[in-house]
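# Coordinate analysis (summary)
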Amino acid sequence: MTPLLSFANVEKRYPDGNREIAVLKGVSFDVEAGVFAGLYGPRRSGKSTLMRLAAGIERPDTGTVRFDGRALTDMTMTERGRLLREDVALMASSDWRPNPGESVVDHVVTSLGSEGLTVREARRRAFAALERVGVSATGAEEPAGSLSVSERTLVMLARALVREPRLLLVDEPAVMPSLGDRDRFYALLRALAGERHAALLVVSEEMGALAGAGVMMSISGGEVRTPQERGTVVRLPQRSAGGAERLRR
């Protein structure tokens with residue numbers, strides 16, 4: 001079976017004055033459809049760069065990133081844009097940019113882009129995605145700009161889910177100030193991974209975010225270690241699911 005996401009000897013470098021810094025070094029791993037994969041690593045270890053490469057936002061300097069068997073570097077810019085709209089969703093806290101006066105549901109609707117949907121159908125899909133992450137119909141009408149960090153995280157997840165991606169990439173979900181909110185969000189990710197055949201790749205510097213991952217990897221100094229290299233697949237304890245309280249009312 002062809003892996004849904006595949007990295008083969010991938011390297012990525014960035015200029016730093018008169019030299020280059022290697023952010024990723026010879027990275028190789030596969031993620032199958034229907035698998036929850038976790039990648040643990042400290043800050044500045046290359047996690048976010050890896051996710052941007054997986055989404056096709058950036059290109060590797062050497063090596064190959066493939067989605068469903070096709071190299072992303074063989075795709076045109078238009079094809080990579082379509083991939084990110086239709087098949088791959090990248091959720092990162094730095095992408096939170098609601099428009100002034102925009103409601104939560106309308107912010108989720110903007111993730112659908114120009115897909116030929118009527119306004120009514122687009123809103124129906126947005127409400128359904130918000131309900132799935134625990135946001136009530138009342139909470140969906142709240143101003144997006146007024147949300148707490150925990151609430152924003154749920155809405156960003158709904159924005160990713162509304163397009164029904166085949167690959168969901170979550171970059172460092174552990175930005176919530178409340179430990180309870182974090183645990184509930186992590187459990188929600190695990191539930192989502194179990195109910196759809198999409199692949200889920202979560203990268204985090206907190207092990208709790210990766211609890212329940214079927215495949216665990218680690219990254220340090222730009223190098224990824226896979227279960228085969230460690231000789232075991234790490235499985236972590238499960239917790240229960242939930243959502244942010246204000247938006248659930």
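Described in the following lines is the structure provided in the data block.

About the thresholds
- Sequence order sets the numbering: in each chain, residues are counted from 1 along the sequence as written.
- A pLDDT threshold of at least 70 governs which residues receive local features in this predicted model, and a stricter bar of 80 or more applies before side-chain atom pairs are shown or counted, although totals over entire chains, interfaces and linings include all residues.
- Computation of side-chain values covers all heavy atoms of the structure but excludes hydrogens and water.
- A run of H or I in DSSP counts as a helix once it spans at least four residues, and a run of E counts as a strand once it spans at least two, with each numbered from the N terminus.
- Three labels apply to residues, based on accessible area from a 1.4 Å probe with only protein chains included: buried if under 20% of the type maximum, exposed if over 50%, partly exposed otherwise in between.
- When checking whether two residues touch, look at their non-hydrogen atoms; a contact exists if any pair is within 4.5 Å.
- Areas reported here follow the Shrake-Rupley algorithm with a probe of radius 1.4 Å; residue values treat only the protein chains shown as occluding.
- Between any two strands, at least two bridges found by DSSP are needed for them to pair.
- Orientation is described by lines fitted to C-alpha atoms, with helices fitted over the stretch in contact, and by angles between N-to-C directions that extend from 0 to 180 degrees.
- Each angle receives one of four descriptions, namely roughly parallel if under 35 degrees, roughly antiparallel if over 145, roughly perpendicular if within 65 to 115, and oblique otherwise.
- The handedness criterion is simple: a crossing whose near helix is rotated anticlockwise from the far helix by less than a right angle is left-handed, and one whose near helix is rotated clockwise is right-handed.
- Residue type decides the class: Asp, Glu, Lys and Arg count as charged, Ala, Val, Leu, Ile, Met, Phe, Trp, Tyr, Cys and Pro as nonpolar, and the leftover types, Gly among them, as polar.

## Some points on the overall build of the chain
Of regular secondary structure, the chain possesses 9 helices and 10 strands. Within the chain, buried positions represent 48% of all 249 residues. Residue pairs in contact within the chain that sit at least 24 positions apart in sequence constitute 72% of those at least 6 positions apart. When the accessible surface of the chain is summed, it comes to about 12,000 Å², and 47% of that surface belongs to carbon and sulfur atoms.

## Here's the deal with the sheet that holds strand β2 (residues 19-31)
Reading across from one edge, β2-β1-β4-β5 is the order of the 4 strands in this open sheet, with antiparallel pairing throughout. At either margin of the open sheet sits one strand with a lone partner, and together these are β2 and β5 (70-71). Contacting β1 (5-16), β2 and β4 (62-67), helix α1 (residues 47-54) runs over the sheet at an angle of about 120 degrees to β1.

## Details of the packing of helix α6 (residues 149-161) against helix α7 (residues 179-195)
Axis separation between α6 and α7 bottoms out at 10 Å; the angle between their running directions is 15 degrees. In this view, α6 runs roughly parallel relative to α7, as classed from their interaxial angle. Helix-helix and strand crossings are classified by hand; for α6 and α7 the assignment is right-handed. Contacts from Ser150, Thr153, Leu154, Leu157 and Leu161 of α6 reach α7 at Asp181, Phe185, Leu188, Leu189 and Leu192. Looking at the contact of α6 with α7 residue by residue, the class counts come to 7 nonpolar, 2 polar and 1 charged.

## Some remarks on unusual backbone geometry
A positive phi angle, close to 60 degrees, is found at Arg44, a residue other than glycine. Position of Arg44 among the secondary structure elements: in the loop between β3 (36-40) and α1. On the accessibility criterion, Arg44 (86% relative accessible area) is exposed. Positive phi is not limited to glycine here, since Glu164 has a value of about 50 degrees.

## Considering the sheet that holds β3
Backbone hydrogen bonds hold the strands of a sheet together, and the pairing may be parallel or antiparallel. Ordered by their spatial adjacency, 6 strands build an open sheet running β6-β7-β8-β3-β9-β10, and the pairing between neighbours is mixed. What marks the edges here is a single partner per strand, and that holds for β6 (88-92) and β10 (223-225). Each strand axis lies, on average, 20 degrees off the axis of its neighbour in the sheet, ignoring direction. One ladder, built from 5 bridges, connects β6 with strand β7 (residues 167-171); its direction is parallel. What sits directly across from Ala89, in β7, is Leu168. Along the sheet, α7 contacts β3, β6, β7 and β8 (199-204); its crossing angle with β8, the most-contacted strand, is approximately 155 degrees.

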